[in-house]
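Next come the chains, spelled out residue by residue.
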Amino acid sequence: MREVAIIGAYETVHGNHKDRTLRDLVTEAGNGAIKDSGIDRKEIQAVYVGNYAGNEFNAQNTMGSYAANLLGLGDKPAIRTEGACASGGIAMRQGVLAVASGLYDTVLVLGVEKMNGLDPETTMEIVARGQDQDVEGGYCISGPSGFALNAIRHMHEFGTTKEMLATVAEKNYFHGSLNPFAHKQKEISFNNIMRARMVTTPFGFHDVSLVTDASAAVVITTKEKAKSVRKDFVVVKGSGIGGDYFNVALKKDSVSFPASIQAATEAFKMAGVERKDIDVLECHDCFTITEIINIEDLGFVEKGKGGQFTKDGHTRLGGKLPVNTSGGLKAKGHPVGATGVGQVVEMTFQLRGQSEKRQVTNARTALTHVLGGPGAVSIVHILQRGE
């Protein structure tokens with residue numbers, strides 16, 4: 001397997017872009033990443049596109065070819081990947097494997113979702129289709145209600161509190177306030193988060209991720225080629241994927257996501273690094289409890305202690321393990337198909353030292369983690385500053 005590196009990275013500002021089209025988002029991110037890479041687009045041999053529901057949100061199928069065509073790559077192989085919230089992470093993994101295996105030397109990976117534009121009820125119906133509609137999704141098991149079950153059980157078994165959940169939200173809003181690409185660039189006080197209207201027990205309004213429009217893209221190539229292109233390239237040291245039962249009723253427990261454990265195990269083994277080597281990470285905080293469970297499943301905190309670890313300030317900028325410096329899904333936003341690629345862009349900026357007010361000092365090794373559907377698929381990537 002060849003070593004793989006990131007030479008170009010770009011993302012659009014995240015938000016509710018009623019005045020922007022799907023075409024606008026794809027072209028800005030894709031062209032931005034190509035320009036940032038410093039190579040001619042003719043060198044790109046394939047395109048991988050993460051997208052969850054462009055066919056329903058935007059009446060656009062065949063998203064891989066659609067994006068490639070817009071970027072002047074219409075004669076290149078183009079593949080769309082879909083795995084609910086993990087769609088972009090899957091696209092990234094497929095691109096990495098293609099270069100590592102020698103199938104291609106240089107590829108573009110892009111994630112995109114234009115979610116706003118329909119009425120809110122229809123939008124939420126489309127989002128809920130990331131679960132089994134026959135036996136659960138059609139019977140009130142949605143993202144909020146499903147992950148609320150995880151929260152209630154975690155609280156029951158480990159004493160996790162509403163205050164700990166609120167700390168996740170407050171921290172991520174703070175990080176988002178420092179990020180010019182974030183959907184929500186505003187701090188929200190802990191007290192306001194605690195007093196917010198309820199969505200589904202124990203989640204209030206601020207425990208839930210945003211409905212966001214955005215696109216993100218990276219250009220990846222071999223490490224050898226990267227050395228000749230730029231000095232601040234980023235190496236993809238490890239890539240892992242994990243799976244778990246699609247139905248909530250078939251889960252073995254409610255306080256862990258086995259797919260994340262599998263993905264992390266594979267990625268760390270491939271990377272040859274340890275948890276203590278990770279300086280900063282982006283993990284999937286679709287709900288505040290998810291970030292707490294994820295830092296446990298990824299092996300950074302003992303099971304059941306993620307809430308207290310967060311409350312003690314360790315995941316905040318300046319803490320032991322800064323988590324979601326972008327603001328995460330909570331503040332940067334959750335453009336479903338773009339989220340996994342956007343995480344990679346954020347960590348690339350961190351490793352290049354380009355994160356300005358949210359920069360983690362001397363960041364050398366980073367991790368990204370995304371979780372799709374009801375914990376059914378997870379992708380982990382480990383990145384390291386090139387040498």
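Preceding this paragraph is the structure being described.
Predicted, not measured: the structure shown is a model, and the values here were computed from it.

1. Regarding the side chain of His175
Consideration 1: Structurally, His175 is set in helix 7 (residues 162–177).
Consideration 2: His175 gets classed as buried once you look at its relative accessible area, which sits at 0%.
Consideration 3: One polar contact links the side chain of His175 to the main-chain carbonyl oxygen of Val323, over a distance of 3.5 Å.
Consideration 4: With residues near it in sequence (within four places) discarded, His175 still touches Thr315, Arg316, Leu317, Val323, Asn324, Thr325, Ser326 and Gly327.

2. Structural notes on the pattern of salt bridges
Consideration 1: For the structure shown, the criterion picks out 23 salt bridges.
Consideration 2: Note that Asp213 is salt-bridged to Lys114, the shortest N-O span being 3.3 Å. One end of the pair, Asp213, is in the loop between strand 6 (203–204) and strand 7 (214–222); the other, Lys114, is in the loop between strand 4 (106–113) and helix 5 (120–128), with 99 residues separating them in the sequence.
Consideration 3: Exposure remark for Asp213: the relative accessible area of 0% places this residue in the buried category.
Consideration 4: A salt bridge links Lys276 to Asp277, with the nearest nitrogen and oxygen atoms 3.8 Å apart.
Consideration 5: Since its relative accessible area comes to 27%, Asp277 is described here as partly exposed.
Consideration 6: Residues joined in a network through salt bridges with shared partners are Asp36, Arg230, Asp232 and Arg352.

Calculation criteria
Residues numbered from 1 in each chain as written. Predicted model: local features only at pLDDT ≥ 70, side-chain atom pairs only at ≥ 80, totals over all residues. Heavy atoms only, no water. Helix = DSSP H or I, 4+ residues; strand = E, 2+ residues; numbered from the N terminus. Buried < 20%, exposed > 50% of the residue type's maximum accessible area, 1.4 Å probe, protein only. Polar contact = N/O pair within 3.5 Å; in protein donor to acceptor, adjacent residues only side chain to side chain. Contact = heavy atoms within 4.5 Å. Salt bridge = Lys/Arg side-chain N within 4 Å of Asp/Glu carboxyl O.

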